[in-house]
Amino acid sequence: MNSETISEFGEWLDDNASKIESNSVKFDAQRVYAVIDNLEILRKPVQEYFDMTEEDYYENESDHRLTLQNPDAKLSELKDRVLVNHIDGSLADHDVNFTYNHENPFPDGQYSPKVDVDLVNYSFVVIGAVFANTIVADIRNSLSKDAILSVALAAKAIADWQG
């Protein structure tokens, strides 16, 4: 994987976001999972996390940015997301600092694919920009596990919603 892979997918997402949200273009969650797995931030392939309980993830891998809601529920049911929203620090000095905020793709109790499409899109824009300008170890050492899992949860929710 290289920065072009992330950037190309990010550009495709940006060009097709409204069509994905209207369900007129099929979203390929597998492409998202492949990028996440290639970054090697999580200990296992990302799809193995979907059936894990919130409690198991929280106790064994989480960096505690996600707001977990039901210890016995599967992670795939989680309604909280952590958006990678900014980067600062010094790429030249390998001092990379991502910043985050919470997103709720279920405002008013109804699923909003737009929130998840924007989360995947924007997260990949930020990650791709860093990836293009530093070594992958800088990303692995500084990107939140909960944030990268959130990208996967958003991708899964979009794909499930599209049916």
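Please read all numbers here as calculations on a predicted model, not as lab measurements.

A. The packing of helix α2 (residues 29–39) against helix α6 (residues 145–162), seen in detail. For the pair α2 and α6, the least separation of the axes is 9 Å and the interaxial angle reads 165 degrees. Here α2 lies roughly antiparallel to α6, going by the angle between them. Along this stretch, α2 crosses α6, giving a crossing that reads as left-handed. Within the contact between the two elements, α2 uses Ala-29, Val-32, Tyr-33, Ile-36 and Leu-39 and α6 uses Ile-148, Val-151, Ala-152, Ala-155, Lys-156 and Ala-159. Looking at side-chain class alone, the contact of α2 with α6 contains 10 nonpolar, no polar and 1 charged residues.

B. The arrangement of the pattern of salt bridges in detail. Counted under the stated rule, the structure contains 6 salt bridges. Close ionic contact of Lys-145 with Glu-61 constitutes a salt bridge, the shortest N to O distance being 3.3 Å. Residue Lys-145 is found in helix α6, and its partner Glu-61 is found in the loop between α3 (54–60) and β1 (81–90); the two are separated by 84 residues along the sequence. Among the residues examined, Lys-145 registers a relative accessible area of 21% and is labelled partly exposed. Accessibility expressed as a relative area gives 8% for Glu-61, which makes it buried.

C. Broad picture of the pairing of strand β2 (residues 95–103). Of the strand pairs in this sheet, β1 and β2 are connected by 9 bridges, and their pairing is antiparallel. When the sheet's bridge partners are listed, Ile-87 is paired in β2 with Phe-98.

D. View of α6. Across its 18 residues, α6 extends 26 Å between first and last C-alpha, which sits within 8% of the 26 Å expected from 1.5 Å per residue. Of all 18 residues in α6, 14 are buried, a share of seventy percent or more. Note on α6: the residue one or two positions beyond its end, Gly-163, has a positive phi of about 75 degrees.

E. Examining the nonpolar core more closely. If you look at the biggest cluster of nonpolar residues, it comprises 48 residues, and the most contacted ones within it are Phe-27, Val-32, Phe-124 and Leu-143. Listed by contribution, the elements that provide at least two residues to this core are α1 (3–21), α2, β1, β2, α4 (113–131) and α6. A total of 9 residues in this core trace back to one element, the largest contributor, which is α6.

Definitions and cut-offs
- Residues numbered from 1 in each chain as written.
- Predicted model: local features only at pLDDT ≥ 70, side-chain atom pairs only at ≥ 80, totals over all residues.
- Heavy atoms only, no water.
- Axes fitted to C-alpha atoms, helices over the stretch in contact; angles between N-to-C directions.
- Helix = DSSP H or I, 4+ residues; strand = E, 2+ residues; numbered from the N terminus.
- Parallel < 35°, antiparallel > 145°, perpendicular 65-115°, else oblique.
- Left-handed = near helix turned anticlockwise from the far one by under 90°.
- Contact = heavy atoms within 4.5 Å.
- Nonpolar A, V, L, I, M, F, W, Y, C, P; charged D, E, K, R; others polar.
- Salt bridge = Lys/Arg side-chain N within 4 Å of Asp/Glu carboxyl O.
- Buried < 20%, exposed > 50% of the residue type's maximum accessible area, 1.4 Å probe, protein only.
- Pairing = 2+ DSSP bridges.
- Expected span 1.5 Å × (residues − 1).
- Core = buried A, V, L, I, M, F, W, Y, C linked by side-chain atoms within 4.5 Å.

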